[in-house]
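Chain residues, written in single-letter form:
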Amino acid sequence: MTTHQARRTARSAALAAVTAVLALGLTACGSADEGSKAAGGHHTAGAAQSRSSTDGNGKGGAEQAGSGGDSKEGARSATLSGRTDQVASKVTTAGAQQCRGDEMLVTAVHRFAGQQGDHLLVTAVNEGTKPCWVTSYPAVVLDRNVDNVALPHSKKDNPGGDKHITLRPGGKAYSAVNLFDYGSKHHTARSFAIALRGPDGHNGPFYSVGVKGQKPRFSWNEADVLNWNTEKPYDF
């Protein structure tokens, strides 16, 4: 081999070495870029996940779940409280006894005096401390000096007089004494006697009731009585 050929061979070897070094450098740069892109991708996903677990106020999903649980728990508590009140109410009225009469305040108002529908509106209020019930219609005697017999039940009354009407303390029940005045040979009075009637038809003690209204004096030839009710009769 000549000197010229040896130099050319050495130069070729050097170029091959430089080319190999450049190729390795490019490969390393490519790997670094790929790794950077991959790392960036993971960072973006992590940020998105962080945003999804918070709301606009920065409250975490766990806190929101806890808040929802409190709301449901509060609703459950309110429902249970309502049911408890209903049960207590039923127990309170279930043990009620018949009203005796001495715990009742009975008043009467003369309405539509001298007109069609002339009647005495009777209101009974439970002034006791416990619930009690009334039934049927009250025993009413308009004039004990003339006829000490209780008035009959009205034939035009609605059915249901055998039901028990429970009155809580302060509760009211209503009845009415229908007055029929034919203009002659009638009776007049300003008060009457009333007693509570039991389910067996027997009367309790009688109490005197004064009549109020624009014309407290009332007249009648015939009269009858309506059942106790929770609504006022002839309320028009």
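The rules behind the values
- Residues numbered from 1 in each chain as written.
- Predicted model: local features only at pLDDT ≥ 70, side-chain atom pairs only at ≥ 80, totals over all residues.
- Heavy atoms only, no water.
- Pairing = 2+ DSSP bridges.
- Helix = DSSP H or I, 4+ residues; strand = E, 2+ residues; numbered from the N terminus.
- Buried < 20%, exposed > 50% of the residue type's maximum accessible area, 1.4 Å probe, protein only.
- Phe/Tyr/Trp six-rings, centres within 6.5 Å; stacked < 30°, edge-to-face > 60°.
- Lys NZ or Arg CZ within 6 Å of the ring centre and 35° of its normal.
- Disulfide = S-S within 2.5 Å.
- Lys, Arg positive; Asp, Glu negative; His and termini not counted.
- Salt bridge = Lys/Arg side-chain N within 4 Å of Asp/Glu carboxyl O.
- Contact = heavy atoms within 4.5 Å.

Caption draft 1: Up close: the sheet that holds strand β4 (residues 132-135). The sheet built from three strands is open, its strands ordered β1-β4-β6 with mixed pairing. A strand with exactly one partner marks an edge of an open sheet, and here the two such strands are β1 (97-98) and β6 (164-167). Relative to β4, β1 runs parallel, the two sharing two bridges. The residue of β4 that forms the bridge with Gln 98 is Trp 133.

Caption draft 2: Seen up close, the pairing of strand β7 (residues 172-180). With respect to burial, β7 is a largely interior element, seven of its nine residues being buried. The pairing of strand β3 (residues 119-126) with β7 spans seven bridges and is classified as antiparallel. Paired with Ala 124 across the two strands is Ala 173, which belongs to β7. Strand direction decides the pairing type here: β7 and strand β12 (residues 222-225), joined by four bridges, are antiparallel. For Phe 180, the partnering residue across the bridge sits in β12 and is Glu 222.

Caption draft 3: Spotlight on the packing of aromatic side chains. Under the counting rule described, the total for this entry stands at one aromatic pair. The positively charged end of Arg 197 is found above the aromatic ring belonging to Tyr 137, 4.2 Å away from the centroid.

Caption draft 4: Region of the structure containing the state of the cysteines. All chains considered together, the criterion is met by one disulfide. A sulfur-sulfur separation of 2.1 Å characterises the disulfide bridge that pairs Cys 99 with Cys 132. One disulfide, between Cys 99 and Cys 132, carries an S-S torsion of 90° and so falls in the right-handed class. A residue pair is termed long-range when its members are at least 10 positions apart, and Cys 99 in the loop between β1 and β2 (104-111) and Cys 132 in strand β4 qualify at 33 residues. Accessibility classification places Cys 99 together with Cys 132 in one group, the buried group.

Caption draft 5: Structural detail: the side chain of Asp 224. Turning to its location among the elements, Asp 224 is positioned in strand β12. Lys 156 provides the closest opposite charge to the buried, unpaired Asp 224, separated from it by 7.6 Å. Once residues lying within four places of it in the same chain are set aside, the contact partners of Asp 224 are Leu 151, Pro 152, His 153, Ser 154, Ala 176, Val 177, Asn 178 and Phe 180.

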